[in-house]
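For reference, the chains in residue letters:
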Amino acid sequence: MACRAQGPEREWASSNLVQPWKEPPLAGGLVALLDDVAVLARAAAASIDDIGAAAAKAGVKAAGVVVDDAAVTPQYVRSLAAERELPIIKRIAMGSLRNKFFIILPAVLLLSQFLPWLLTPILMLGGAYLCYEGAEKVWAKIAHHGAHGAGEEKVQDEKTLVSGAVRTDLILSAEIMVITLNEVIDEAFWSRLAILAVVAVVMTVLVYGAVALIVKMDDVGLRLAQRSGAVATFGRGLVRAMPVVLTVLTVVGTAAMLWVGGHILLLGTNELNLHFLYEAVHHVEVAAHDATGVLGGLVGWLVNTVASAILGLIVGALVVLVMTLTLHRRKSKPAAATAAATTRTDGTTPAPRSREAQQSDAPADRAPRG
């Protein structure tokens, strides 16, 4: 019979037994940590995929406004020197990012969280401003003068051009961000923030990259024209075509202002329970869609677009009329009074008086200088 260890010998044997079914505690903790990291990584990857998919979906919904933005912006750099076009576009793009991240993004997130009912009226105010801009340009073309004066576009400095472009971009960017928000309104707050941030950056790069490409096409054509053969022919054709392209883009940009502004107002009135305009347009759109077979989708979209543009033109014309009878008239009165005071009875304007003549008319009790 085997002898069993007693006393200290038994304790020594027990403490030195090898127990293969137990892993060292350090290795077990490391494996658990790596497993947790893997789980977190998979969750983060899935979250990034969800954000990317939602951003792509919202971007597709906002694609129409992106096209409008790309069509509107080139008109702001038409009168600039070639070497100043890209710097101005860069400044407008940076202003667009500031609009999105410092104004629109915080505003739409806070409003959607606490005052969602205010989003529609604010967006409609922006739509009315776009209608005003578009209608003013139409009136300027009909009346054969600049939208803000006959030669003002030629003498505007870069700061004025950039501020005007960024102001218009604010409305278009707000439309993009609100469309995006409507697509992800059911997401959690931080997911909404991430998706809106992704859309803001991607849309800005897309729009102003396209604008930079459009306005520099003539320079590309000039470089190609210096080569030989078919490349030179293509370059010369590109140079000849770009003025026409920019003119077309100006027309498209004006139409886009009316279309987007009118569409914002059309949807806004429907959301405010004023359904008659939206239902009338929708009824005509559905009828046109059903009557045109395979072209129904395109024809229905055209009907909605034209109706939105007409509504935008009507609203914009009313705003232009109100501005002309109020603000513009008050501004024009001092200028008219100054012009009348400096015009002779024969219709000519006297030349500026010399310094000696002004001193001879000075009061006798005024002490001479020096």
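These numbers come from a predicted model, not from an experiment.

### Section: the overall build of the protein chain
Summing up its helical and strand segments, the protein chain has 13 helices and zero strands in all. Relative to its full complement of 370 residues, the protein chain shows a buried share of 31%. Contacts spanning at least 24 positions in sequence make up 76% of the contacts within the protein chain whose residues lie at least 6 apart. For the protein chain, the accessible area works out to roughly 23500 Å², and carbon and sulfur atoms hold 67% of it.

### Some details on a nonpolar patch on the surface
Among the surface-exposed residues, Val294, Leu295, Leu298, Trp301 and Leu302 lie close enough to one another that they form a single nonpolar patch of about 550 Å² accessible area. Of the residues examined, Val294 reaches a relative accessible area of 84% and is grouped as exposed.

### Observations concerning the nonpolar core
Counting residues in hydrophobic clusters, the biggest one holds 35 residues, and the most contacted among them are Ile89, Val108 and Leu196. At ten residues, helix H7 (residues 158-183) tops the list of elements feeding residues into this core. Excluding anything up to four places from it in sequence, Ile89 contacts Val77, Tyr208, Val211, Ala212 and Val215. Judged by nonpolar contacts, the second largest core, of six residues, contains Met124, Cys131, Val281 and Leu311.

### Examining the pattern of salt bridges
On inspection of all chains with the given rule, the structure shows four salt bridges. For Arg84, the salt bridge is made with Glu158, and the minimal N-O distance between the two is 2.7 Å. With Arg84 in helix H4 (residues 82-114) and Glu158 in helix H7, this residue pair connects regions lying 74 residues apart in the sequence. Overall, Glu158 belongs to the partly exposed group, its relative accessible area being 22%. Of the charged contacts in the structure, one is a salt bridge between Arg91 and Glu158, with a shortest N-O distance of 3.5 Å.

### A look at the packing of aromatic side chains
Counting across every chain of the model gives three aromatic pairs. Both rings, one in Phe189 and one in Trp190, keep their centres 5.2 Å apart while their planes meet at 85°; by these two values the pair is edge-to-face. Residue Trp190 is classed as exposed on the basis of its relative accessible area, which comes to 64%. Relative to Trp301, the ring of Trp259 lies with its centre 5.6 Å away and its plane at 90°, an arrangement referred to as edge-to-face. Taken as a pair, Trp259 in helix H10 (residues 230-271) and Trp301 in helix H12 (residues 296-341) lie far apart in primary sequence, 42 residues in all. With relative accessibility at 43%, the residue Trp301 sits in the partly exposed group.

### Remarks on helix H11 (residues 276-291)
Compared with an ideal rise of 1.5 Å per residue, which puts 16 residues at 22 Å, H11 spans 23 Å between its outermost C-alpha atoms and is within 8% of the ideal. Downstream of H11 by a residue or two, Gly293 has a phi angle that is positive, lying close to 60°.

### Points about the confidence of the model for the protein chain
Here the protein chain shows a mean pLDDT of 75. Residues at 70 or above account for 65%. Within the protein chain, no element has a lower average pLDDT than helix H6 (residues 152-155), which sits at 46, and none a higher one than H11, at 93. Predicted confidence is poor over residues 146-155, with pLDDT under 50, and the contacts of this stretch with residues over four places away or in other chains come to eight contacts. This model gives residues 364-370 a pLDDT under 50, and the stretch forms zero contacts once residues within four places in sequence are excluded.

### Comments concerning unusual backbone geometry
In the Ramachandran plot, Asn273 falls in the positive-phi region, its phi being about 70° despite a non-glycine side chain. Secondary-structure assignment places Asn273 in the loop between H10 and H11. Given the relative accessible area of 57%, Asn273 is considered exposed.

Parameters and conventions
- Residues numbered from 1 in each chain as written.
- Predicted model: local features only at pLDDT ≥ 70, side-chain atom pairs only at ≥ 80, totals over all residues.
- Heavy atoms only, no water.
- Helix = DSSP H or I, 4+ residues; strand = E, 2+ residues; numbered from the N terminus.
- Buried < 20%, exposed > 50% of the residue type's maximum accessible area, 1.4 Å probe, protein only.
- Contact = heavy atoms within 4.5 Å.
- Areas by Shrake-Rupley, 256 points an atom, 1.4 Å probe, with all protein chains shown as cover.
- Patch = residues over 30% accessible without salt bridge, like charges linked within 9 Å, V, L, I, M, F, W, Y side chains within 5 Å.
- Salt bridge = Lys/Arg side-chain N within 4 Å of Asp/Glu carboxyl O.
- Core = buried A, V, L, I, M, F, W, Y, C linked by side-chain atoms within 4.5 Å.
- Phe/Tyr/Trp six-rings, centres within 6.5 Å; stacked < 30°, edge-to-face > 60°.
- Expected span 1.5 Å × (residues − 1).
- pLDDT = per-residue confidence, 0-100.

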